Amino acid sequence: MIERNKLLEVFNFRYACKRFNPTQKISQEDFGVILESARLSPSSFGFEPWRFLVLNDRALKNALKPVCWGGENALDNASEFVVILARKKVDLVADSAYIQYMVEEVQKLPSEIQKIKKEFFHRFLAEEFALLKDDRKIFDWAGKQCYIALANMLTTAAALGIDSCAIEGFNEEGANKILSDAGIMDTTHFGVCVMVAFGYRDNDKNANRPKSRQNLEKIVQYI
């Protein structure tokens, strides 16, 4: 297991890299570990409401630049650029084909347990979190889980000495349309949640700035 001080070093190393060095590339092995950290991330009910698009196509990156003001440098210079998609309501209701696939083929639950889990899941959606009243609400719930995977990817990258930048600076409608028009994303089932770039810093003046965070006493309350 990693030592406590080493773990804090990882979090202090990580920052939102705005200038990537285009000549430095992440090894296939290291990037594989970053993606695996996303795959192994927890999700509500274990239903994994995400998909990760690794963009290598230059024409597609160029198409995204006008609608992705927060990722212009990253789209040109980062070693890897990932678009994280969140699933929509059609896949996240208890009787959907996707949920059946998850409980049967991925989680491999016995049929009687599948039925119990899906009934419990429906009650959670309909009553406890009231997610079924608004399509956007259930999409945002899926997005919260995508951010768990995102955070794990950022921390894993930092542990490997790799820089990263999570990107919300984009036009959602525009990004969805570009990926849909390219035949990459079916907007019936998915929407763009967040983007993230990985690579190595390039004389970024922000790299060595100390963290500006509130003191622990300001944000933690013991009851």
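Refer to the structure above for everything that follows.
Residues numbered from 1 in each chain as written. Predicted model: local features only at pLDDT ≥ 70, side-chain atom pairs only at ≥ 80, totals over all residues. Heavy atoms only, no water.

What follows covers the side chain of Ser96. Take Ser96: it is sitting in the loop between α5 (89-92) and α6 (97-106). Setting aside anything within four residues of it in sequence, one finds Ser96 in contact with Val90 and Asp91. (Helix = DSSP H or I, 4+ residues; strand = E, 2+ residues; numbered from the N terminus. Contact = heavy atoms within 4.5 Å.)

Attention now moves to the nonpolar core. Generally speaking, nonpolar side chains in soluble globular proteins are found buried as a group. Ile84, Phe121, Trp141 and Phe198 are the most contacted members of the largest nonpolar core, which has 36 residues in total. Listing elements by their share of this core, those giving two or more residues are α2 (28-39), β2 (80-87), α6, α7 (111-128), α8 (135-159) and β4 (190-199). The element best represented in this core is α8, accounting for 10 residues. Ignoring anything within four residues of it in the chain, the contact list for Ile84 reads Arg51, Phe52, Cys146, Leu150, Met153, Gly191, Val192, Cys193, Val194 and Val196. By size, the runner-up hydrophobic cluster in this structure holds 27 residues, among which are Leu53, Cys68, Ala74 and Met195. (Core = buried A, V, L, I, M, F, W, Y, C linked by side-chain atoms within 4.5 Å. Buried < 20%, exposed > 50% of the residue type's maximum accessible area, 1.4 Å probe, protein only.)

Before going further, it helps to spend a moment on the pairing of β2. Where burial is concerned, most of β2 is hidden: 8 out of the 8 residues are buried. Here strand β1 (residues 50-54) pairs with β2 via 5 bridges, running antiparallel. Note on β2: the bridge partner recorded for Leu53 is Val83. Note: β2 against β4, 8 bridges, orientation antiparallel. Note that in β4 the partner of Leu85 across the bridge is Val192. (Pairing = 2+ DSSP bridges.)

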